[in-house]
There are 4 protein chains.
Amino acid sequence: MAPEVGATLGPNRYGKAGIRLATVVRRDGQHEFFEREVEVRLEGEFEDVHTKGDNASVLPTDTMRGSVYALAKQRPDEGIEAFALRYTDYLLDASPAATRAETWITERPWDRVQIEGRPHPHSFTRGAHRWTAHALRERGGVRLSAGLDELYVLKTTGSAFAGFLEDRYTTLPATDDRIMATNLEAEWRYGSTDLDFGVERRCVKDVIVHAFAHHDESNSVQHTLWEMGRAVVDSCPSVDEIWFSLPNLHHIAVDLAPYGLRNEGEVFVVTDTPSGRIEGTVRRTEGAFPA
Amino acid sequence: MAPEVGATLGPNRYGKAGIRLATVVRRDGQHEFFEREVEVRLEGEFEDVHTKGDNASVLPTDTMRGSVYALAKQRPDEGIEAFALRYTDYLLDASPAATRAETWITERPWDRVQIEGRPHPHSFTRGAHRWTAHALRERGGVRLSAGLDELYVLKTTGSAFAGFLEDRYTTLPATDDRIMATNLEAEWRYGSTDLDFGVERRCVKDVIVHAFAHHDESNSVQHTLWEMGRAVVDSCPSVDEIWFSLPNLHHIAVDLAPYGLRNEGEVFVVTDTPSGRIEGTVRRTEGAFPA
Amino acid sequence: MAPEVGATLGPNRYGKAGIRLATVVRRDGQHEFFEREVEVRLEGEFEDVHTKGDNASVLPTDTMRGSVYALAKQRPDEGIEAFALRYTDYLLDASPAATRAETWITERPWDRVQIEGRPHPHSFTRGAHRWTAHALRERGGVRLSAGLDELYVLKTTGSAFAGFLEDRYTTLPATDDRIMATNLEAEWRYGSTDLDFGVERRCVKDVIVHAFAHHDESNSVQHTLWEMGRAVVDSCPSVDEIWFSLPNLHHIAVDLAPYGLRNEGEVFVVTDTPSGRIEGTVRRTEGAFPA
Amino acid sequence: MAPEVGATLGPNRYGKAGIRLATVVRRDGQHEFFEREVEVRLEGEFEDVHTKGDNASVLPTDTMRGSVYALAKQRPDEGIEAFALRYTDYLLDASPAATRAETWITERPWDRVQIEGRPHPHSFTRGAHRWTAHALRERGGVRLSAGLDELYVLKTTGSAFAGFLEDRYTTLPATDDRIMATNLEAEWRYGSTDLDFGVERRCVKDVIVHAFAHHDESNSVQHTLWEMGRAVVDSCPSVDEIWFSLPNLHHIAVDLAPYGLRNEGEVFVVTDTPSGRIEGTVRRTEGAFPA
């Protein structure tokens, strides 16, 4: 029995991943379709669950799943940000032992089919990126973020990488013109929860894409990250802070000399691994007024 | 030694998969960007390669890779169909032992960024499906197909499944209104190789999506497959035959009764497995004139 | 209406993929555990299903799923080969319109936990490859194959690649010593269905691995494919024919010269793409007696 | 220009992911083979990189890649823990602006082929889990962890889940006998860096698997997490703390009643989503002597 006194439970949490659901709203012959995936974690006073095998305080992960469906039924066309707020509220109510409930929701947009310029009432094709929402609720309050991922953006020029630190393992040549491509992920924090989230997020996405495209003297992925972040803080008054994860999807010019050809920026190998990873946060300066 | 006489080489082939490349065309400040992946196989008289370890007739798969880059350099903005024809031509030239060269090419479309309605000269976001080309060349001729995959389409109504065969293992209830969704893959054969393939393929895709959307009394995935195939044969005179693979991406209505709620076609579980798989071919009737 | 006469239904089939199940057999305190995945297709007279939307002849894919569970209940510890025979038998019985039923089954082996050399009665860890079975049944008879996949094998020497065809796109240097690695997939056909399949398949796997390891003067992946196939035909009298798919998982020696170091066969880059693909069949020579 | 004053750079880091390499050690005809993947991040004073596009302080991620190969050449059979220490040491040396260097290394074990009980000198098959190492080095010191992932363990009995909290969304029935399965990931912290890491990690893995198998009255995944963690702290004096991530891979008994059959714990559906996620840490109690 002695060994038992030697161990202590440290940080722990539990929940459910991969709760996939779709909702349909039917209104006067025009349908809306939403496809989402929910992940959730609870943290709190769960020591007896672990050390004594006492489940009295455990809200089963199966209930977390069922409640997602039930809450979705109540408001099938609610945005993922509002759903995240409502879901974490339910979770802290349902689990007295929990001190924190966290949820991550992704939405795969489906675009309405257009036929000869006219929107079809109930047919959709799947879009090319995802929207995300993240709520972290404690007994005293909630922190809400929105975001997007799987947004692949690329520019064929306007990107350089030179003037970097060199050491004995340096082989990369400096370049004043390269392809820049990334699978962009971003998450931003709003200063308020009383917003039209659908409008806000489309605005943030547009600002990101425009800043990426227009930043024509990019010296690095970091440099473009800053430009995108600064543009969002500048143009979207509701956003206090934005974080980016920007894998550098390398496009390497093929050496065609062995074939007697000269590659003038025309043919590139696309690689998955290894890949650069650039992450960073841009914040609204305290005291600065939104533009 | 005796055992050696007991074995014979049967059908065999070899090649390279996953040859990824991108090409850029720069023209008066307007750039085009293409991302492709090539796979290739050769078949032929390769018995000594296997049984004697004699590589004299082997065109290395590394050369298959290198020649893709070199051929791409020669015509960086060539369509994948024409590239497939040219590449298989090179392969049969380069490999006297080969009797057949087959290539599959996929292209991930990248859409030009639009900023305030104006196309950006060199920035792109990645599209949501892929184009494909498939060429099978023998010494006597070539067969060319084009296609697409990863085209997710969905309709929230207009689809039923009823009147099916029942046996002792039947539990599925008949339904007169369900969600139909698929990750559509298609491959079609042209009657000619003298076509504007880019125009043709966009036409085929549009016809497929329209037929899917408009087929409002679908009794099964097979029924919609036929409608789409018939529409393509009818509307695209260059297409002789089209094959579809249509996984049935099930959206199952959640039973909300345990929560005291009634699901009126609003909340669905999205599942990956198991999934129905429907495949079929629709052909232009011999002797029938294209519409 | 005219367009309708212009199209004809060609080859078609339908079925279910991803039917995942586990079975447990409990016998005197010793448990057996099996994890499997089943895929199935039917072909036959299904023209009205497509062209008229008439489902009267359709055995739903949901029933294909349910019957897998029911048949598994009847014999939970049956081998996948016998299950494939029994399942396709049921399918042709259940579907009068079908002329052909085909099933592919994979089994992920779970190895019994050994504790201080003693087998644990009910704990398992997941193994590193899969077993497969494939049955194609028509009204007149059945063809059965067994196989394996996801068997990663590698040798650090004993493999060369030289003497190959060269042309203007050749850049690969010849080598007399390289790493050979593959993610081996094989499928073999038995001459009989009255066999102890579990014994047979373990025998085939052992012969494959031994032949791979012992083939110390390999001139190519094709050469080793032949050696493995010949060994199986030679050592496993029940096998009439074996097919291999052998992706060449390239391990490329890193050029360390820029760092002032010399790579003496010590450091390699592991790549996924592109990769060589070698496929081939070895058959027992007609008239040759099994060894 | 005004907008520029409104934004500030927050937390940021950069590095490389997916640096894949293999090393071979050749010693008296007996070869060793190691396959690894390295990921790395630097944090530090990189504000000018972002806001001014000044790369003077940037160690390129390409150099991070090259140095992995060079360091591997120097000691090709070094364990991943020691490599992580040496690599992060190099990184802080090479990058004066960095205040923190972090690396994650995974190793896919390849098992030596045994032929008739004898180890083969240079042939291997790939194992079924991975080893991991994680080093976080700052100017003042380093924190080293080791771990494993992709270890699939399963028990067919000895696991219950009952007595849990119920609310209006509860549908899960209590059970006193279920399958418990997980894709186990663990990471543990050593109290010293002067250890035989290979011996230590195999010891930890054995203790984990034994505790999982022997915990025959498990009331939950959390309960078994605690048992495994307690056993490691108790049996492995070098380990101060261990963290587990235990997805609950649900095996759901199939309802066979519609087929007139009764499922007596024999047939289960295996699902990927949704899945429970249980994470937790077990620490050596401060002041407690290792057993």
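Residues numbered from 1 in each chain as written. Chains lettered and ligands numbered in written order. Predicted model: local features only at pLDDT ≥ 70, side-chain atom pairs only at ≥ 80, totals over all residues.

Along chain A, the regular secondary structure elements total 5 helices and 12 strands. Counting only C-alpha atoms, chain A reaches 75 × 70 × 50 Å along its principal axes. By residue count, 50% of the 291 residues in chain A fall in the buried class. If you take every contact in chain A between residues at least 6 apart in sequence, the share linking residues at least 24 apart comes to 65%. (Helix = DSSP H or I, 4+ residues; strand = E, 2+ residues; numbered from the N terminus. Buried ≥ 20, exposed ≤ 12 C-beta atoms within 10 Å, placed from the backbone. Contact = placed C-beta atoms within 7 Å.)

Our next topic: the domain arrangement of chain A. All names here are of chain A. If you check the domain split of chain A, you get domain 1 (12–139) and domain 2 (146–291). Centre-to-centre separation of domain 1 and domain 2, based on C-alpha positions: 29 Å. On the domain 2 side, the residues contacting the 10 residues of domain 1 number 11 residues. Of all the secondary-structure elements, those providing two or more residues to the side of domain 1 that touches domain 2 are helix H3 (80–94) and strand S6 (130–138). Among the elements that take part in the side of domain 1 that touches domain 2, S6 stands out by supplying 5 residues, more than any other. For the side of domain 1 that touches domain 2, the class distribution of residues is 4 nonpolar, 4 polar and 2 charged. (Domains from an automatic or database assignment. Nonpolar A, V, L, I, M, F, W, Y, C, P; charged D, E, K, R; others polar.)

Residues and elements named next belong to chain D. The pairing of strand S1 (residues 7–27) with strand S2 (residues 30–44) spans 12 bridges and is antiparallel. Bridge pairing links Arg 20 to Glu 37 in S2. Hairpin connection, S1 to S2: the antiparallel pair is bridged by 2 residues, and Asp 28 has positive phi, about 55°. (Pairing = 2+ DSSP bridges.)

A few words now on the relation of the copies chain A and chain D. The two copies are related by a screw motion: chain A maps onto chain D through a turn of 180° and a shift of 0.0 Å along the axis, at an RMSD of 0.0 Å. Read as a symmetry element, the transformation amounts to a two-fold axis. (Least-squares fit on C-alpha atoms with pLDDT ≥ 70 in both.)

So, about the packing of helix H4 (residues 197–214) of chain B against helix H5 (residues 221–235) of chain B. All names here are of chain B. For the pair H4 and H5, the least separation of the axes is 9 Å and the interaxial angle reads 140°. Considering their axes alone, H4 and H5 lie oblique with respect to each other. As H4 packs across H5, the resulting crossing turns out to be right-handed. On H5, the residues that touch Val 204, Val 207, Ile 208, Ala 211 and Phe 212 of H4 are Thr 224, Glu 227, Met 228, Ala 231, Val 232 and Ser 235. Here the residues of the contact of H4 with H5 sort into 8 nonpolar, 2 polar and 1 charged. (Axes fitted to C-alpha atoms, helices over the stretch in contact; angles between N-to-C directions. Parallel < 35°, antiparallel > 145°, perpendicular 65-115°, else oblique. Left-handed = near helix turned anticlockwise from the far one by under 90°.)

On to the relation of the copies chain C and chain A. With an axial shift of 0.0 Å and an RMSD of 0.0 Å, the rotation relating chain C to chain A amounts to 180°. Interface overlap between copies is the fraction of interface residues in one copy that are interface residues in the other; for chain C against chain A it reaches 100%, indicating a shared surface.

The subject of this paragraph is the nonpolar core. One finds Val 232 of chain A, Val 232 of chain B, Val 232 of chain C together with Val 232 of chain D to be the most contacted residues of the largest nonpolar core, which totals 320 residues. In this structure, Val 232 of chain C is in contact with Trp 188, Val 204, Val 207, Ile 208, Val 239 and Ile 242 of chain C, ignoring residues within four places of it in sequence. (Core = buried A, V, L, I, M, F, W, Y, C linked by C-beta atoms within 7 Å.)

Turning our eyes to something else, we now look at the pairing of strand S6 (residues 130–138) of chain B. All names here are of chain B. In this structure, strand S3 (residues 98–108) lies alongside S6, joined through 8 bridges in antiparallel fashion. Looking at S6, one finds that Trp 104 is bridged to His 134. Where S6 and strand S7 (residues 141–155) come together, 9 bridges link them in antiparallel fashion. Along S7, the bridge assignment pairs His 134 with Ser 145.

Another aspect to go through is the interface of chain A and chain D. Listed per partner, the contact involves 73 residues of chain A and 73 residues of chain D. Elements supplying a minimum of two residues to the side of chain A that touches chain D: strand S1 (7–27), helix H1 (47–51), helix H2 (61–74), helix H5 (221–235) and strand S12 (275–284) of chain A. Ranked by residues supplied to the side of chain A that touches chain D, first place goes to S1 of chain A with 14 residues. Its residues placed into classes, the side of chain A that touches chain D shows 29 nonpolar, 29 polar and 15 charged. The pairing of S12 of chain A with S1 of chain D spans 9 bridges and is classified as antiparallel. Counterpart to Ile 278 of chain A in the pairing with S1 of chain D is Tyr 14 of chain D.

Residues and elements named next belong to chain A. Along the polypeptide, Glu 37 turns up in strand S2 (residues 30–44). A count of 20 C-beta atoms within 10 Å places Glu 37 in the buried class. Expressed as a C-alpha distance, the spacing of Glu 37 and Gly 260, which sit 223 residues apart in the sequence, is 52 Å. Sequence-distant contacts of Glu 37, that is, excluding residues within four places in its chain, are made with Gly 18, Ile 19, Arg 20 and Thr 106.

Our next topic: the interface of chain C and chain A. Note: interface size is frequently given as the accessible area lost on complex formation between the parts. Contacts between chain C and chain A engage 5 residues on the former and 5 residues on the latter. Its residues assigned to classes, the side of chain C that touches chain A comprises 3 nonpolar, 1 polar and 1 charged.

Right, let's talk about unusual backbone geometry for a bit. All names here are of chain A. A cis geometry characterises the amide bond from Thr 273 onward to Pro 274, with omega recorded as -10°. Examined against the element boundaries, Pro 274 turns out to sit in the loop between strand S11 (267–270) and S12. Even without glycine at this site, Asp 28 takes up a positive phi of about 55°. Residue placement: Asp 28 occurs in the loop between S1 and S2. Take Asp 28: there are 6 C-beta atoms within 10 Å of it, and that puts it in the exposed class.

The topology assignment puts Val 49 of chain A in helix H1. When residues no more than four places from it in sequence are discounted, the contact partners of Val 49 of chain A are Asp 54, Asn 55, Ser 57 and Val 58 of chain A together with Ser 220 and Gln 222 of chain D.

So, on to H2 of chain A. Residue and element names in this part refer to chain A. Between its first and last C-alpha atoms H2 spans 20 Å; for 14 residues at 1.5 Å apiece the expected length is 20 Å, and the two agree. Counting buried positions along H2 gives 12 out of 14 residues, so the element sits mostly inside the fold. By the burial criterion, the buried members of H2 are Thr 61, Asp 62, Thr 63, Met 64, Arg 65, Gly 66, Ser 67, Val 68, Tyr 69, Ala 70, Leu 71 and Ala 72. (Expected span 1.5 Å × (residues − 1).)

Right, let's talk about the packing of helix H2 (residues 61–74) of chain D against helix H3 (residues 80–94) of chain D for a bit. All names here are of chain D. Remark: H2 packs on H3, axes separated minimally by 11 Å, with the N-to-C direction vectors making an angle of 130°. It follows from the interaxial angle that H2 and H3 lie oblique. The interaxial crossing formed by H2 with H3 has right-handed handedness. Of the residues in H3, those in contact with Ser 67, Val 68 and Leu 71 of H2 are Phe 83, Arg 86, Tyr 87 and Tyr 90. Its residues assigned to classes, the contact of H2 with H3 comprises 5 nonpolar, 1 polar and 1 charged.

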